Amino acid sequence: MNCAALRLSFILTLSCEDQAGIVAAVTTELANLGTNIAESSQHWDRASNRFFMRIAFSAPAWVSADAITKGLAPVVNRFGLSSRLLERSRRPKIVIMVSKFDHALLHLIYQIRVGWLEAEVAAIISNHEDSRETAAWAGIPYHVLPISKENKQEQEGRILAVIEDVGADLVVLARYMQVYSDDLAGRLFGKVINIHHSFLPSFKGARPYHQAFEHGVKLIGATAHYVTAQLDEGPIIEQETERVTHSMSVEDFIATGRDIESRVLARAIKRHLEARVMINGRKTVVFA
Ligand SMILES: Nc1nc2c(c(=O)[nH]1)N[C@@H](CN(C=O)c1ccc(C(=O)N[C@@H](CCC(=O)O)C(=O)O)cc1)CN2
């Protein structure tokens, strides 16, 4: 009999103030629960004196998530752990938000189709009609929610309704060019990833390629980050840059940037969905 068929996969992430004995206590309890550890990563952040850990493990099918949570409770209380247990039995659901530029959206659909990104696109939300055909081709529900200064609050309520209706685990802003209100950004903190088309913290806000072009930069880049009320200042998850030269136009910057944006966003989502990203104040810990 294939023993792997009778096991469930979990990921445990935890953080706390650094102190001795955390790894030993956690792994001992996991062993007592009959689990097999497949991957373990740790990081002590000197600046904040906080300890971060990510453990991927499998458990016999009769060991439920509740049993693991109960078994770990004494360790959680002893060390004051902030912990999260993720069961990897179902594909995570994502909602992708897009405006007019669809390169990042198309790249995500492709990476899911070829199996590199394990996720289900439960819905696409846009403030424009431009990606309706793409959604129909991919068999994904498409919600057009036009936005204006007058209807912003109502439109954001409809965004929330879609996210809640489909049970989204993550919202992806794939060049969605509208600023989330402080309320929406706050309510969804840690659950919304944006791709900004610059090497942050340079060139926040609108038209970063034009800003970069005017500054005569020799590198352009893209940054995937969690969305916060402070525009393009959320905890950074993934970045990449590429060289540019004086002979390139701003249109060349935009064309070069499309591939960088798509790759960076896809890597950030993959790492988030695998619980490899832990928020550490205004920064992140990203376990490879
Ligand atoms: N609260 C937040 N909302 C959003 C963030 C964020 O970090 N926090 N990221 C943006 C994406 N973005 C850059 O990556 C961005 C989007 C829009 C603008 C902007 O100035 N938009 C104009 C309208 C532009 C248009 O309609 O074409 C505006 O809102 O007045 C700047 C940066 C997503 N939201």
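Residues numbered from 1 in each chain as written. Predicted model: local features only at pLDDT ≥ 70, side-chain atom pairs only at ≥ 80, totals over all residues. Heavy atoms only, no water.

The chain has the name Formyltetrahydrofolate deformylase in an unreviewed UniProt entry, where Mesorhizobium ciceri is given as its organism. In its Sequence similarities (unreviewed entry) section, the UniProt record describing the chain reads: "Belongs to the PurU family." Quoted straight from UniProt, the Catalytic activity (unreviewed entry) entry for the chain says "(6R)-10-formyltetrahydrofolate + H2O = (6S)-5,6,7,8-tetrahydrofolate + formate + H(+)". (UniProt positions renumbered as here; feature names shortened; annotations may be inferred.)

Throughout the structure, instances matching the rule amount to 15 salt bridges. The shortest N-O distance in the salt bridge between R132 and E129 comes to 2.6 Å. Taking the relative accessible area as the measure of exposure, E129 reaches 43% and is therefore partly exposed. Among the salt bridges present, the one from E274 reaches K270, with a minimum N-O distance of 3.6 Å. (Salt bridge = Lys/Arg side-chain N within 4 Å of Asp/Glu carboxyl O. Buried < 20%, exposed > 50% of the residue type's maximum accessible area, 1.4 Å probe, protein only.)

On to helix α2 (residues 65-79). Because an α-helix completes one turn every 3.6 residues, residues spaced three or four positions apart along the sequence face the same direction. For α2, spanning 15 residues, the distance from its first C-alpha to its last is 20 Å, which sits close to the expected 21 Å at 1.5 Å a residue. Taken as a whole, α2 carries its principal kink of about 40° at L72; the proline P74 stands between one and four residues after it. Turning to α2, its buried residues are I68, G71, L72, V75 and F79. Elements in contact with the buried residues of α2: β1 (7-17), α1 (22-32), β3 (50-60) and β4 (82-87). Of the residues one or two after α2, G80 is the one with positive phi, at around 65°. (Helix = DSSP H or I, 4+ residues; strand = E, 2+ residues; numbered from the N terminus. Expected span 1.5 Å × (residues − 1). Bend = angle between axes of the 7 residues up to and from the residue. Contact = heavy atoms within 4.5 Å.)

Burial within strand β9 (residues 192-196) is extensive, with five of its five residues counted as buried. Burial along β9 is two-sided: the face carrying V192, N194 and H196 and the face carrying I193 and I195 are both buried. Note: strand β8 (residues 170-173) against β9, three bridges, orientation parallel. Across the sheet, V171 pairs through a bridge with V192, a residue of β9. Handedness of the crossover joining β8 and β9 through helix α6 (residues 182-187) is recorded here as right-handed. Where β9 lies against strand β10 (residues 219-226), four bridges are found, and the strand directions are antiparallel. Across the sheet, the residue bridging to N194 is H225, located in β10. (Pairing = 2+ DSSP bridges. Right-handed = clockwise from strand over helix to strand, strands pointing away.)

What the domain assignment reports for the chain is domain 1 (3-87) and domain 2 (93-286). For domain 1 and domain 2, the distance between their C-alpha centres works out to 31 Å. If you look at the interface, domain 1 gives 13 residues, while domain 2 gives eight residues. With both chains or domains summed, domain 1 and domain 2 bury close to 800 Å², and 59% of this area falls on carbon and sulfur atoms. (Domains from an automatic or database assignment. Buried area = accessible area lost by both parts, 1.4 Å probe.)

Ordered in space as β7-β6-β5-β8-β9-β10-β11, the seven strands form an open sheet in which the pairing is mixed. Looking along the sheet, the strands with just one partner apiece sit at the ends: β7 (142-144) and β11 (236-243). Strand-to-strand, the axes of this sheet are offset by a mean angle of 15°, without reference to chain direction. Strand contacts of helix α3 (residues 103-113): β5 (93-98), β6 (120-126) and β8, with the helix running at about 155° to β5, the strand carrying the most contacts. Of the strands in this sheet, β5, β8, β9, β10 and β11 are in contact with helix α8 (residues 250-273), which crosses β11 at around 155°. (Axes fitted to C-alpha atoms, helices over the stretch in contact; angles between N-to-C directions.)

Taken together, the neighbourhood of the ligand is formed by 17 residues, with Q178, Y180, H196, T228 and D232 sitting nearest. Contacts to the ligand include N194, whose side-chain N or O atom sits 3.0 Å from an oxygen atom. Within the contact set of the ligand, an oxygen atom lies 2.8 Å away from a backbone nitrogen or oxygen of D232. The protein chains hide 74% of the 700 Å² of surface that the ligand would expose on its own. Counting residues per element, the shell around the ligand draws most heavily on β9, at three residues. Within the shell around the ligand, the residues separate by chemical class into 10 nonpolar, six polar and one charged. (Near = heavy atom within 4 Å. Polar contact = N/O pair within 3.5 Å; in protein donor to acceptor, adjacent residues only side chain to side chain. Areas by Shrake-Rupley, 256 points an atom, 1.4 Å probe, with all protein chains shown as cover. Nonpolar A, V, L, I, M, F, W, Y, C, P; charged D, E, K, R; others polar.)

Once that is clear, we can look at the sheet that holds β4. Read across the sheet, four strands follow the order β2-β3-β1-β4 without closing on themselves; strand pairing throughout is antiparallel. Whereas interior strands pair on both sides, the edge strands pair on one side only; in this sheet they are β2 (36-45) and β4. Averaged over all pairs of adjacent strands, the angle between strand axes in this sheet comes to 10°, irrespective of strand direction. When β2 meets β3, the two strands line up antiparallel, connected through nine bridges. When the sheet's bridge partners are listed, H43 is paired in β3 with F52.

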